[in-house]
Amino acid sequence: MMACINDIPFEILLKGATPAQCEKLIQEKSDNVYHVKGGYRLRGVALMGDNVPVGVKGDEVFFQFIKPCFGLFVLRVPDAADIAEQLEKDFKK
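Owing to the predicted nature of the structure, the values given are computational and were not obtained by experimental measurement.

The rules behind the values
Residues numbered from 1 in each chain as written. Predicted model: local features only at pLDDT ≥ 70, side-chain atom pairs only at ≥ 80, totals over all residues. Heavy atoms only, no water. Helix = DSSP H or I, 4+ residues; strand = E, 2+ residues; numbered from the N terminus. Buried < 20%, exposed > 50% of the residue type's maximum accessible area, 1.4 Å probe, protein only. Contact = heavy atoms within 4.5 Å. Areas by Shrake-Rupley, 256 points an atom, 1.4 Å probe, with all protein chains shown as cover. Salt bridge = Lys/Arg side-chain N within 4 Å of Asp/Glu carboxyl O. Core = buried A, V, L, I, M, F, W, Y, C linked by side-chain atoms within 4.5 Å.

Draft legend 1. Highlighting the overall build of the chain. Assigned secondary structure in the chain consists of 2 helices and 7 strands. Moving toward the C terminus, one meets the helices and strands of the chain in the order β-α-β-β-β-β-β-β-α. Seen along its three principal axes, the alpha-carbon backbone of the chain occupies a region of about 35 × 30 × 25 Å. Taking all 93 residues of the chain together, the buried fraction comes to 39%. Of the contacts formed within the chain by residues at least 6 apart in sequence, a portion of 51% connects residues at least 24 apart. For the chain, the accessible surface area stands at approximately 5,600 Å², while carbon and sulfur atoms represent 53% of it.

Take a look at the structure:
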């Protein structure tokens, strides 16, 4: 089952941005940044792109999201310890 981004409580931090602007903001906001492949799922929502930055700080998660016809966004998800743990498990160095 594919989830919808609207099923996740999020805040838009940046919209209509370039990939470089998204990456920069995610780097600034996060303690750890993971680069995931397109199709990687956060709570069932598939991310689009080749090398999608997803940042973690505490139990907050920041990520680049492509909304077709609207462009690139940086979204912040609060209370996302589950996502942070999933990323750490999947991408532990």
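That was the structure; now back to the text.
Draft legend 2. Expanded view of the pattern of salt bridges. Taken as a whole and assessed by the stated rule, the structure comprises 4 salt bridges. In this structure, the salt-bridge partner of Arg43 is Asp82, at a minimum N-O distance of 2.7 Å. Residue Arg43 is located in the loop between β3 (41-42) and β4 (45-46), and its partner Asp82 is located in helix α2 (residues 81-91); the two are separated by 39 residues in the primary sequence. Take Asp82: its relative accessible area is 40%, and that puts it in the partly exposed class. Linked by salt bridges that have partners in common, Glu11, Glu60 and Arg76 make up one network.

Draft legend 3. Fine view of the nonpolar core. Val36, Leu47, Val54, Phe63 and Leu87 are the most contacted members of the largest nonpolar core, which totals 21 residues. Those elements that place two or more of their residues in this core are β2 (32-36), β5 (52-57), β6 (60-67), β7 (71-77) and α2. When residues no more than four places from it in sequence are discounted, the contact partners of Val36 are Leu47, Asp50, Asn51, Val52, Val54, Leu87 and Phe91. Counting 8 residues, the second-largest nonpolar core is a separate cluster that includes Ala17, Cys22, Leu72 and Val74.

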